[in-house]
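Report on the structure
Single-letter residue listing:
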Amino acid sequence: MVPYRTQVRIIADVLSTARDMNNEGNGVGVTTLLRKGNMSYSRMSKLLSELVGSGLLLELNGDKISKYMISEKGIQFLTVYYQFEDFAQSFGLRL
Amino acid sequence: MTIIGDVLQFIGVFVSFSVAYVAFRGVRQTQSSSLLRLATAFVFLGFGFAVEGIVGLGQLIPALPFPTVAVVAGLVLETTGYFFLAFSHAIDVMISKRMTVALLMFPVITLSGAQLIDILSVLSFFFVLYGVVETASSYIRTRKPDTLLITAGLALLSVGIFIQWLSLLYLNVDVLSLMQIIMKETGLLILFTPVLRFAVGGTRLDGTI
């Protein structure tokens, strides 16, 4: 059975994809985020707007499509998230 | 109960509120319901240990008689804490086979004790035992050393609660009271490990990102 993902888990997944897949420094496209994030396009679009709005992601406007890059604030969020995930896992729990 | 035992209860208060503090910060940062249940569990445990410690020390002063209701209130708080601790896992497993087996075993053991304090001790034992099983099962999945440590801590806690229950049956054996509190406090100190890791890691716990 696929474990239920909370909203904060989904945000962490999207941010970590934006961080890890940004090998060339040009940002990550929506297709990559969709594939790794495992969610619908409409839901991803809404989430990306929220993450850009809250400053966790940076939107890089290209010629045709937008690409996304994790911000410093996003990196801080991931660091804190993983520490609390570690804390929860110590007690045998999932965030 | 000895004075040492009563004083040791306050180690439990410190550990419980420390774990609750970190868990509540986690709730603020991540909105995690699992962490909320964990924090709630340790708040109840903290207040439970505090009431038991105060009642224990208060009994040393004849001018300050604590009624039985205070003793029961402390145990109710503690048992509620163990309930939340056990059910922190509920979102993952709901009513699993392990839970069914635990619940089926429960009436057999409660038949031996009719008093409320007996029942609360037995309930606490089952809740913590369930927590031990779930945490051990989580360790099997994740192979995380900290999870194994917490399993050991919860196991010691459950042994302590079991001895506490025995001490109610064998009132003349003083050593049981001291043993149960030492086992419980050692178990709780082990549960403090993840909090220490936070302190050493220097995680900012104030405000949200």
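Residues numbered from 1 in each chain as written. Chains lettered and ligands numbered in written order. Predicted model: local features only at pLDDT ≥ 70, side-chain atom pairs only at ≥ 80, totals over all residues.

Turning next to the interface of chain A and chain B. Chain A puts 18 residues into the contact, and the matching count from chain B is 26 residues. When residues of the side of chain A that touches chain B are assigned to their parent elements, the largest contribution, 11 residues, is made by helix 4 (residues 72-90) of chain A. Tallied by class, the residues present in the side of chain A that touches chain B amount to 10 nonpolar, 6 polar and 2 charged. (Contact = placed C-beta atoms within 7 Å. Helix = DSSP H or I, 4+ residues; strand = E, 2+ residues; numbered from the N terminus. Nonpolar A, V, L, I, M, F, W, Y, C, P; charged D, E, K, R; others polar.)

Grouped burial of nonpolar side chains is what soluble globular proteins tend to show. Core analysis: the biggest nonpolar cluster contains 70 residues, and Leu15 and Ala18 of chain A together with Ala23, Leu38, Phe42, Phe127 and Val128 of chain B have the highest contact counts within it. With 12 residues, helix 2 (residues 33-58) of chain B is the largest single contributor of residues to this core. Dropping the residues within four chain positions of it, Leu15 of chain A is found in contact with Leu56, Ile70, Gly74, Phe77 and Leu78 of chain A. (Core = buried A, V, L, I, M, F, W, Y, C linked by C-beta atoms within 7 Å. Buried ≥ 20, exposed ≤ 12 C-beta atoms within 10 Å, placed from the backbone.)

Between the first and last C-alpha of helix 3 (residues 41-53) of chain A there are 18 Å, a value that for 13 residues agrees with the 18 Å anticipated at 1.5 Å per step. Counting buried positions along helix 3 of chain A yields 1 of 13 residues, so the element is predominantly exposed. (Expected span 1.5 Å × (residues − 1).)

Residues and elements named next belong to chain A. Strand order in the open sheet formed by 3 strands is 1-3-2, and the pairing between neighbours is antiparallel. Only two strands of the sheet have a single partner each, and these edge strands are strand 1 (28-29) and strand 2 (57-61). Across 2 bridges, strand 1 lies against strand 3 (residues 66-70) in antiparallel orientation. Along strand 3, the bridge assignment pairs Gly29 with Lys67. (Pairing = 2+ DSSP bridges.)

Here chain A averages 87 in pLDDT, while 95% of its residues score no lower than 70. Within chain A, no element has a lower average pLDDT than helix 2 (residues 30-37) of chain A, which sits at 86, and none a higher one than helix 3 of chain A, at 92. (pLDDT = per-residue confidence, 0-100.)

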